[in-house]
Amino acid sequence: MLQQVPFAIIEQISSALNVKVTGFSFASGGCINSGGHLTTTKGTFFLKWNDARKYPNMFEAESKGLKILAESATLRIPNVIQTGVAGTYQFLLLENIDQRKTANDFWKKLGEQLAALHRISSSAFGLSFNNYIGSLPQRNSMHQSWTSFFIEERLKPQVALASSSGALQAETIALFEKLYQKLPSVVAEETPALLHGDLWSGNLIADEVGNPCLIDPAVYFGNREAELAFTQLFGGFSNQFYDSYNNTFPLERDFNTRIALYNLYPLLVHVNLFGGGYASQVFSVLRYYV
């Protein structure tokens, strides 16, 4: 299927790495990017690409995020080999991770390693550059307050997008305005933590020896409770993971009361990407808190 990879991308990779590209096989999944295993005379890599005009700087931001996570030396992260723009396409070439069955201590290690990642802090919430959550732009302007960051950089941009498209009803938007007033008395103010930012089961794999490896980040410094809440949105992780995390870096006792609140952000993202029943889920959460 090599002919399905844009020739301009193959040319750039061949020239930059001084290799001959010999084959390509598509990977399953993914609704934003095309991607798969690229075979060359210097080994196999993972390549993904999309329309640079539709998602400007997406892979440049992802590349930066992957490097930040890798530099933390806490979790296995695929190495970035090359990123670039070729014609109307942008691409990201990564170390290929041969996925295997999870090791017996997979979830325990993930809990310990994610806790170590969250120990890495910053002077403020946010990041020095913007990135994406799925195919939607994600703003990361710096704030001294987590509540302010959560409202201004996470909830409000998604609410505005859903409002302009008609995906949210006026009653729901009015409830958000009430929530903004209430949040400071509900949300925990913790030290900024380095987050993967899009941590659900689809962005977690087991590497060649069955250890945890994270992919497709939406990195920023935020409240670690938001990350742990995100892991529970689509079925959750093993209880071993949560026990291991808490043993390493204990959460506040009332964390469970805020899980649905933090997940308003990914739910809003899904409202804007897919519509459907996600809007009713958002409304239900708001009614509970407001």
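Up top is the structure these notes are about.
These numbers come from a predicted model, not from an experiment.

Chemist: Where do I start with the packing of aromatic side chains in this structure?
Modeler: Aromatic ring pairs: the centre-centre distance and the angle between the two ring planes describe each pair. Under the counting rule described, the total for this entry stands at 18 aromatic pairs. When the ring of F149 is compared with that of Y220, the centres are 5.6 Å apart and the planes differ by 20°; the resulting orientation is stacked. With F149 in helix α4 (residues 146–165) and Y220 in strand β11 (residues 220–222), this pair connects stretches of sequence that are 71 residues apart. Exposure remark for F149: the relative accessible area of 0% places this residue in the buried category. An angle of 50° between the planes, with centres 6.5 Å apart, marks the rings of F241 and Y245 as tilted. Of this pair, F241 and Y245 both sit in helix α7 (residues 239–248), four residues apart, which is roughly one turn of the helix. For the pair F241 and Y245, a shared accessibility class is recorded, and that class is buried. By way of ring pairs, the aromatic residues F106, W107, F237, F241, Y242, Y245 and F249 are connected into one cluster. Across from the ring centre of F249, 3.7 Å away, lies the NZ or CZ of R119, which sits over that ring. One residue, R154, lies across the ring of Y220, its end atom 4.2 Å from the ring centre.

Chemist: Any chance you could explain unusual backbone geometry here in plain terms?
Modeler: Peptide bonds are mostly trans, and most non-glycine residues show a negative phi. In this structure, N18 is a non-glycine residue whose phi angle is positive, near 55°. Tracing the sequence through the fold places N18 in the loop between α1 (7–17) and β1 (21–26). You can call N18 exposed: its relative accessible area is 62%. Phi is positive for D216, close to 50°, though the residue is something other than glycine. On the secondary structure map, D216 appears in the loop between β10 (212–214) and β11.

Chemist: How should I be thinking about empty space enclosed by the protein in this particular structure?
Modeler: Any empty space left between atoms is shown by rolling a water-sized probe over those atoms. Counted by the stated rule, this structure contains one cavity of 30 Å³ or more. Roughly 80 Å³ of volume is contained in the largest cavity. In terms of lining residues, the largest cavity is bounded by F150, R154, L195, G197, Y220, A226, E227, F230, Y262, N263, Y265 and P266. Where the lining of the largest cavity is concerned, the elements lending two or more residues are α4, α6 (224–230) and α9 (264–274). For the lining of the largest cavity, the leading source of residues is α6, giving three residues.

Chemist: Please explain α7 as it appears in this structure.
Modeler: Note that an α-helix has 3.6 residues per turn; residues three or four places apart therefore point the same way. All buried positions along α7 are accounted for by F241, Y242, S244 and Y245. Each buried residue of α7 lies within a common arc of 165° when the element is viewed along its axis, so the set occupies one face. For α7, the exposed residues lying more than 90 degrees away from the buried face are N239 and N247. For α7, the elements touching its buried residues are α3 (106–118) and α6. Of the residues flanking the start of α7, the one acting as N-cap is S238, its side-chain oxygen 3.1 Å from the backbone nitrogen of Q240.

Chemist: Any chance you could explain the packing of α3 against α7 here in plain terms?
Modeler: A pair of packed helices can be characterised by two numbers: the angle between their axes and the separation between those axes. It is the contact of α3 with α7, at a shortest axis distance of 7 Å, that shows an interaxial angle of 40°. Between α3 and α7, the angle is such that the two are oblique. Taken as a pair, α3 and α7 cross one another with a handedness that is right-handed. Residues W107, K108, L110, G111, E112, L114, A115 and H118 of α3 pack against Q240, F241, S244, Y245 and T248 of α7. When grouped by side-chain class, the residues that make up the contact of α3 with α7 number six nonpolar, five polar and two charged.

Chemist: How do you make sense of the side chain of T147 when you look at a structure like this?
Modeler: Structurally, the position occupied by T147 is in helix α4. In terms of polar contacts, T147 uses its side chain to reach the side chain of E189, at 2.8 Å. Other than its neighbours up to four places away in sequence, T147 contacts L183, P184, V187 and E189.

Cut-offs applied
- Residues numbered from 1 in each chain as written.
- Predicted model: local features only at pLDDT ≥ 70, side-chain atom pairs only at ≥ 80, totals over all residues.
- Heavy atoms only, no water.
- Phe/Tyr/Trp six-rings, centres within 6.5 Å; stacked < 30°, edge-to-face > 60°.
- Helix = DSSP H or I, 4+ residues; strand = E, 2+ residues; numbered from the N terminus.
- Buried < 20%, exposed > 50% of the residue type's maximum accessible area, 1.4 Å probe, protein only.
- Lys NZ or Arg CZ within 6 Å of the ring centre and 35° of its normal.
- 1 Å grid on protein atoms, 1.4 Å probe; cavity = no way out; pocket = protein on both sides within 12 Å on 5 of 7 lines; lining within 4 Å.
- Points joined across faces, edges and corners; volume = space filled by probe spheres on them.
- Arc of directions from axis to C-beta.
- Contact = heavy atoms within 4.5 Å.
- Polar contact = N/O pair within 3.5 Å; in protein donor to acceptor, adjacent residues only side chain to side chain.
- Axes fitted to C-alpha atoms, helices over the stretch in contact; angles between N-to-C directions.
- Parallel < 35°, antiparallel > 145°, perpendicular 65-115°, else oblique.
- Left-handed = near helix turned anticlockwise from the far one by under 90°.
- Nonpolar A, V, L, I, M, F, W, Y, C, P; charged D, E, K, R; others polar.

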